[in-house]
Amino acid sequence: MSMNANPLSTLDAAALERWLRRSAQLITEHAAELTALDGEIGDADHGQNMKRGLQAVVELLDADGPAAGGSLSTPEALLKKVGMTLVSTVGGASGPLYGTFFLRAAGALKDADTADAAPLAAALRAGMEGIAQRGKSSPGEKTMLDAWAPALEAMEQAENSLAAAVRAGADAAAAGRDATADMVATKGRASYLGERSRGHIDPGAASTALLWQALAETVEAGATGGDAA
Ligand code: ADP
Ligand code: MG
């Protein structure tokens, strides 16, 4: 996707909808790859789990999202319902974890109609802390947190625009995903393999990197969402 001359400087509910829709596209496109990664160190269902969940999110948006003039018109209402939808549709370990992420991020945004870089980073960090708490996990254990944590650090350190911040986050998420290959899993299904989990990328870190990629693309696309202006 080409860089728009006018990337977003803040996210409202409509922009969050575009992020989630782009996330659903990327997860669907990469579902077989995510499942193959899970096949190496887990039970080969992560891509299907995530695809099912994000497709349920798209149905939710179609029915009740901001673009449809529905009731999910604030960031908090939207992300809360997304979290509940993921909890009830993704399954596995990752469903409750991603669901908790969105529920906590929603709570952090409170009554705000828009979030620029700092409040967005704070909301995403609150979400990540929810994952760590629910999963009793921390970075370095070869999980999705190994994409979330470096992405948030990079986003928080980026000083310029929202676009620069989320692009730095997306790049760091991808690097974090790749770095899981050298780690031994101590949480989740992959931990049953012990040392044999080394040499494989964690599927949850890979799906997290896709969510960050979708976020960066959404911000870069600007207010038109990439449609001709
Ligand atoms: P399951 O392992 O139940 O089959 P999935 O395959 O959908 O669930 O998701 C697996 C991913 O969930 C892992 O790759 C990892 O990133 C993430 N995960 C599992 N357990 C934890 C945990 N305790 N903390 C953080 N992430 C976790
Ligand atoms: Mg699995």
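Refer to the structure presented above.
Residues numbered from 1 in each chain as written. Chains lettered and ligands numbered in written order. Predicted model: local features only at pLDDT ≥ 70, side-chain atom pairs only at ≥ 80, totals over all residues. Heavy atoms only, no water.

What about the side chain of Ser207?
Within the secondary structure, Ser207 is located in helix α9 (residues 203-221). At 2.7 Å, the side chain of Ser207 forms a polar contact with the side chain of Tyr98. (Helix = DSSP H or I, 4+ residues; strand = E, 2+ residues; numbered from the N terminus. Polar contact = N/O pair within 3.5 Å; in protein donor to acceptor, adjacent residues only side chain to side chain.)

Details of the environment of Ile27
Assignment of secondary structure puts Ile27 in helix α1 (residues 13-29). Along the backbone, Ile27 and Ala15 are 12 residues apart, and their C-alpha atoms lie at a distance of 18 Å. Discounting residues that sit within four places of it in the chain, Ile27 has contacts with Leu34, Met50, Lys51, Leu54, Ser207, Leu210 and Leu211. (Contact = heavy atoms within 4.5 Å.)

Details of the packing of aromatic side chains
The full count for this structure, using the stated rule, is four aromatic pairs. Each ring, one from Phe101 and one from Phe102, has its centre 5.0 Å from the other, and the planes form 90 degrees; the classification is edge-to-face. As far as the burial class goes, Phe101 and Phe102 line up, both buried. With a centroid separation of 6.1 Å and 65 degrees between ring planes, the pair formed by Trp148 and Trp212 is classed as edge-to-face. Taken together, the positions of Trp148 in helix α7 (residues 145-157) and Trp212 in helix α9 put the pair 64 residues apart, joining distant regions of the chain. Here Trp148 and Trp212 have matching classes, each one buried. (Phe/Tyr/Trp six-rings, centres within 6.5 Å; stacked < 30°, edge-to-face > 60°. Buried < 20%, exposed > 50% of the residue type's maximum accessible area, 1.4 Å probe, protein only.)

Remarks on the site of ligand 1
In the vicinity of ligand 1, 20 residues are found, and the nearest of them are Asn49, Ala93, Ser94, Ser137 and Asp202. A distance of 2.9 Å is found between an oxygen atom of ligand 1 and a side-chain nitrogen or oxygen belonging to His46. The side chain of Asn49 places a nitrogen or oxygen atom 2.9 Å from an oxygen atom of ligand 1. When ligand 1 is considered free in solution it has 560 Å² of accessible area, and contact with the protein chains removes 93% of it. Judged by the fraction of its atoms near the pocket grid, ligand 1 is located in the largest pocket. Counting residues per element, the ones that place at least two in the shell around ligand 1 are α3 (46-64), α5 (94-109) and α9. In terms of residues, the shell around ligand 1 owes the most to one element, α9, which gives three residues. A per-class count over the shell around ligand 1 returns five nonpolar, nine polar and six charged. (Near = heavy atom within 4 Å. Areas by Shrake-Rupley, 256 points an atom, 1.4 Å probe, with all protein chains shown as cover. 1 Å grid on protein atoms, 1.4 Å probe; cavity = no way out; pocket = protein on both sides within 12 Å on 5 of 7 lines; lining within 4 Å. Sits in = over half its atoms within 2 Å of the grid points. Nonpolar A, V, L, I, M, F, W, Y, C, P; charged D, E, K, R; others polar.)

So, the packing of α1 against helix α4 (residues 75-89)
The description of two packed helices rests on the angle between their axes and on the distance between the axes. Where α1 contacts α4, the two axes come as close as 9 Å, and the packing angle between them is 25 degrees. For the element pair α1 / α4, the angle class is roughly parallel. In this structure, the crossing between α1 and α4 has a hand that is right-handed. Seen from α1, the contacting residues are Ala13, Leu16, Glu17 and Leu20; seen from α4, they are Pro75, Leu78, Leu79 and Val82. Among the residues making up the contact of α1 with α4, the classes are represented as seven nonpolar, no polar and one charged. (Axes fitted to C-alpha atoms, helices over the stretch in contact; angles between N-to-C directions. Parallel < 35°, antiparallel > 145°, perpendicular 65-115°, else oblique. Left-handed = near helix turned anticlockwise from the far one by under 90°.)

As for unusual backbone geometry
Phi at Lys136 takes a positive value of approximately 50 degrees, unusual for a residue other than glycine. By secondary structure assignment, the location of Lys136 is in the loop between α6 (117-135) and α7. In the Ramachandran plot, Lys142 falls in the positive-phi region, its phi being about 65 degrees despite a non-glycine side chain. Checked against the element boundaries, Lys142 lands in the loop between α6 and α7.

Focus on the pattern of salt bridges
Here the structure, examined in full by the defined rule, presents nine salt bridges. In this structure, Arg22 and Glu217 form a salt bridge, with 2.5 Å as the shortest nitrogen-oxygen distance. Of this pair, Arg22 sits in helix α1 while Glu217 sits in helix α9, and the two are 195 residues apart along the sequence. On the basis of relative accessible area, Glu217 is assigned to the buried category, the value being 8%. If you follow the salt bridges from partner to partner, you end up with Glu17, Arg21 and Asp62 in one network. (Salt bridge = Lys/Arg side-chain N within 4 Å of Asp/Glu carboxyl O.)

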